[in-house]
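Observations on the model geometry
The primary structure of each chain is shown beneath.
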Amino acid sequence: MYQSAIRPRGCYGQSDPDGEAVRAGALVHELSLAQDMITTLTRVAAEHHAPRVAAVHLKLGEFTHVDPETLAFAFEVACRGTLLEGCRLEIERLPTRLRCPACAWEGSATPAEHVCPTCGHLGFTVLQGREFQLDSMDIPE
Amino acid sequence: MHEISIKSDVLADNTLAAHHNREHLHEHRVYALNLMSGPGAGKTTLLERTIAALKDRYRLAVIEGDVQGRADAERIGRCGVPVTQINTGHACHLDARLVQRELHAFPLAELDVLLIENVGNLVCPAEFDLGEHDKAMVLSVTEGHDKPDKYPVMFHVARALVLSKLDLLPHVDFDVERATRAARALNLDLEVFQVSAKTGAGLDAWLCWLEGRIARVKGG
Ligand SMILES: Nc1nc2c(ncn2[C@@H]2O[C@H](COP(=O)(O)OP(=O)(O)OP(=O)(O)O)[C@@H](O)[C@H]2O)c(=O)[nH]1
Ligand SMILES: [Mg+2]
Ligand SMILES: [Zn+2]
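Residues numbered from 1 in each chain as written. Chains lettered and ligands numbered in written order. Predicted model: local features only at pLDDT ≥ 70, side-chain atom pairs only at ≥ 80, totals over all residues. Heavy atoms only, no water.

**A closer look at the overall build of chain A**
Along its length, chain A carries 2 helices and 6 strands. By the burial criterion, 47% of the 141 residues in chain A qualify as buried. Contacts in chain A between residues far apart in sequence, at least 24 positions, make up 65% of those at least 6 positions apart. Carbon and sulfur atoms provide 53% of the accessible area of chain A, an area that totals close to 6,900 Å². (Helix = DSSP H or I, 4+ residues; strand = E, 2+ residues; numbered from the N terminus. Buried < 20%, exposed > 50% of the residue type's maximum accessible area, 1.4 Å probe, protein only. Contact = heavy atoms within 4.5 Å. Areas by Shrake-Rupley, 256 points an atom, 1.4 Å probe, with all protein chains shown as cover.)

This is the structure we're talking about:
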């Protein structure tokens, strides 16, 4: 049964069996993020009198709930009819980096037992992974 | 090719709107709480209990966020406090701009506390600051103790976690200790409460924490 339009959980990152419905709902969300990106990019391009944009560089941490593939697709769709149409979106993924505040152990994922593998401390600081930033754009000379 | 540096957060507009909301709240010394959870974890029921306990001592108001419908706003309305419903349509979370519209319409000078119930969703609300003072999460024992491992961002941004529906604990395999540990692993300062809104067990500790947070803003 197709019911995405009224699904409150139709959203990226949700584990949900009927994939089609999720993707339809997911797109709505990523589309709004893509539109926010385009607002900023259009403004910056105008400030530099750029008629066209060749590439956009985005930094996206892994400790976010933004899905890079869905975002890339939503961005491509949302660019149509704007000066960004056809530009390349390059997403740099920043891995999650956790640190134990007690012994300075660093890792990329919470250990299965949730405590520091070297000193047993509970609780980590997130050093990296929360980024979601437009870094730069390339414009033709 | 010519490279132009941008270095701007994609959510910068939301952050700006959240900052604006924060200033409004600050100006009138109104404490705001953003209550988040997956669908049906018990946010509205916890709010009903919280309102009943606090409404004689604080001037409360509620913003209800839902994809559609007014059911939760009607429940809160029956508690005898002002409530407004935001329907997000397709969006799976509240954002600062949606809340801003409501804030401008609220008589903030006549309020002490604003309780915001976010859209039931364990994912997206975590990314959107509303300008609130605190984010609190509700996780019901029927959802499973693996949720902090599967949806870590939400547990990372919350200041308090209410483990809810504790009266159902005998019927489900929910490891309270494990859920608490998993949630705290990525949030060193997280306060965790065990509550049954049905029986009232554990409510006092939650209310005590909340009143402490309100006092920081009201200076009481
Ligand atoms: N047994 C038990 N049931 C509860 C408790 N709290 C809430 N419920 C029930 O759980 C269901 C969902 O509760 P709500 O308070 O509507 O949950 P919610 O998080 O507001 O739901 P949405 O706004 O739809 O996401 C209702 O049937 C409640 O009666 C509790 O402490 N114990
Ligand atoms: Mg509700
Ligand atoms: Zn350690």
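**Notes on the overall build of chain B**
In terms of helices and strands, chain B carries 8 helices and 8 strands. Expected size for 220 residues packed as a compact globule is a radius of gyration near 17 Å; at 17 Å, chain B falls within 12% of this value. Each of the 220 residues in chain B was classed as buried or not, and the buried ones make up 58%. Expressed as a percentage of contacts within chain B between residues at least 6 apart in sequence, the contacts between residues at least 24 apart total 74%. When the accessible area of chain B is evaluated, it comes to approximately 9,100 Å², of which 48% is carbon and sulfur surface. Of the charged side chains in chain B, 25 are positive and 31 negative, and the gap between their average positions amounts to 2 Å. (Rg over C-alpha atoms; globule rule 2.2 N^0.38 Å. Lys, Arg positive; Asp, Glu negative; His and termini not counted. Charge placed at Lys NZ, Arg CZ, Asp CG, Glu CD.)

**Here we look at the coordination of the magnesium ion (ligand 2)**
Residue and element names in this part refer to chain B. In the first shell of the magnesium ion (ligand 2), the protein supplies Thr44 (OG1), Asp72 (OD) and Glu117 (OE), at 2.0 to 2.1 Å from the metal. The sequence pattern formed by the donor residues of the magnesium ion (ligand 2) is T-x27-D-x44-E. Taken together, the residues Thr44 in helix α2 (residues 43-54) and Glu117 in strand β5 (residues 113-117) connect sequence positions 73 residues apart. The class of Thr44 is buried, set by a relative accessible area of 4%. By relative accessible area, which is 2% here, Glu117 ends up buried. (Donors = N, O, S within 2.8 Å, 3.2 Å for Na, K, Ca; no water.)

**Describing the coordination of the zinc ion (ligand 3)**
Residue and element names in this part refer to chain A. Binding of the zinc ion (ligand 3) to the protein goes through Cys100 (SG), Cys103 (SG), Cys116 (SG) and Cys119 (SG), at separations of 2.3 to 2.4 Å. Note that the zinc ion (ligand 3) binds 4 donor atoms; their angles at the metal cover 103 to 114°, and the shape is tetrahedral. In the primary sequence, the donor residues of the zinc ion (ligand 3) line up as C-x2-C-x12-C-x2-C. The class for Cys116 is buried, based on a relative accessible area of 3%. By relative accessible area, Cys119 is classed as partly exposed at 39%. (Tetrahedral: all angles 85-135°; square planar, octahedral: opposite > 155°, others 65-115°.)

**As for the packing of α2 of chain B against helix α8 (residues 203-218) of chain B**
Residue and element names in this part refer to chain B. Here α2 crosses α8 at 70°, and the two axes come no closer than 11 Å. As judged from the angle between their axes, α2 and α8 are roughly perpendicular. The chirality of how α2 crosses α8 is right-handed. Two secondary-structure elements touch here, α2 through Leu46, Arg49, Thr50, Ala53 and Leu54 and α8 through Leu203, Trp206, Leu207, Leu210, Glu211 and Ile214. Along the lines of polarity and charge, the residues of the contact of α2 with α8 split into 8 nonpolar, 1 polar and 2 charged. (Axes fitted to C-alpha atoms, helices over the stretch in contact; angles between N-to-C directions. Parallel < 35°, antiparallel > 145°, perpendicular 65-115°, else oblique. Left-handed = near helix turned anticlockwise from the far one by under 90°. Nonpolar A, V, L, I, M, F, W, Y, C, P; charged D, E, K, R; others polar.)

**Comments concerning the interface of chain B and chain A**
Facing 39 residues of chain B, the contacting portion of chain A comprises 46 residues. Here chain B packs against chain A, burying approximately 3,900 Å² in sum over the two surfaces, 62% of which is carbon and sulfur. Viewed at the interface, chain A and chain B are joined by 5 salt bridges. A salt bridge links Glu113 of chain A to Arg178 of chain B; the nearest nitrogen and oxygen atoms lie 3.9 Å apart. Counting across the chain B and chain A interface gives 13 residue pairs in polar contact (both at pLDDT 80 or more). With 8 residues, the top contributor of residues to the side of chain B that touches chain A is strand β1 (residues 2-9) of chain B. Residues belonging to the side of chain B that touches chain A are distributed by class as follows: 21 nonpolar, 9 polar and 9 charged. With 6 bridges joining them, strand β6 (residues 132-139) of chain A and β1 of chain B adopt antiparallel strand pairing. (Buried area = accessible area lost by both parts, 1.4 Å probe. Salt bridge = Lys/Arg side-chain N within 4 Å of Asp/Glu carboxyl O. Polar contact = N/O pair within 3.5 Å; in protein donor to acceptor, adjacent residues only side chain to side chain. Pairing = 2+ DSSP bridges.)

**Comments concerning α8 of chain B**
Every α-helical turn comprises 3.6 residues, leaving residues that sit three or four positions apart pointing alike. Residues and elements named next belong to chain B. The first and last C-alpha atoms of α8 sit 22 Å apart over 16 residues, in line with the 22 Å expected at 1.5 Å per residue. For α8, every residue scored as buried is listed here: Leu203, Trp206, Leu207, Trp209, Leu210, Arg213, Ile214 and Val217. The buried residues of α8 all sit within an arc of 160° when viewed along its axis, so they share a single face. Opposite the buried face of α8, at more than 90 degrees from it, the exposed residues are Asp204, Cys208 and Arg216. Those residues of α8 that are buried are in contact with β2 (31-37), α2, β5, β6 (134-140), β7 (160-164) and β8 (191-194). Of the residues one or two after α8, Gly219 is the one with positive phi, at around 70°. (Expected span 1.5 Å × (residues − 1). Arc of directions from axis to C-beta.)

**Here's the deal with the environment of Gly144 of chain B**
Residue and element names in this part refer to chain B. Turning to its location among the elements, Gly144 is positioned in the loop between β6 and α5 (147-150). In this structure the C-alpha to C-alpha distance between Gly144 and Arg97, which are 47 residues apart in sequence, comes to 33 Å. Non-local contacts of Gly144, meaning those with residues more than four positions away in its chain, are made with Leu139 and Phe174.

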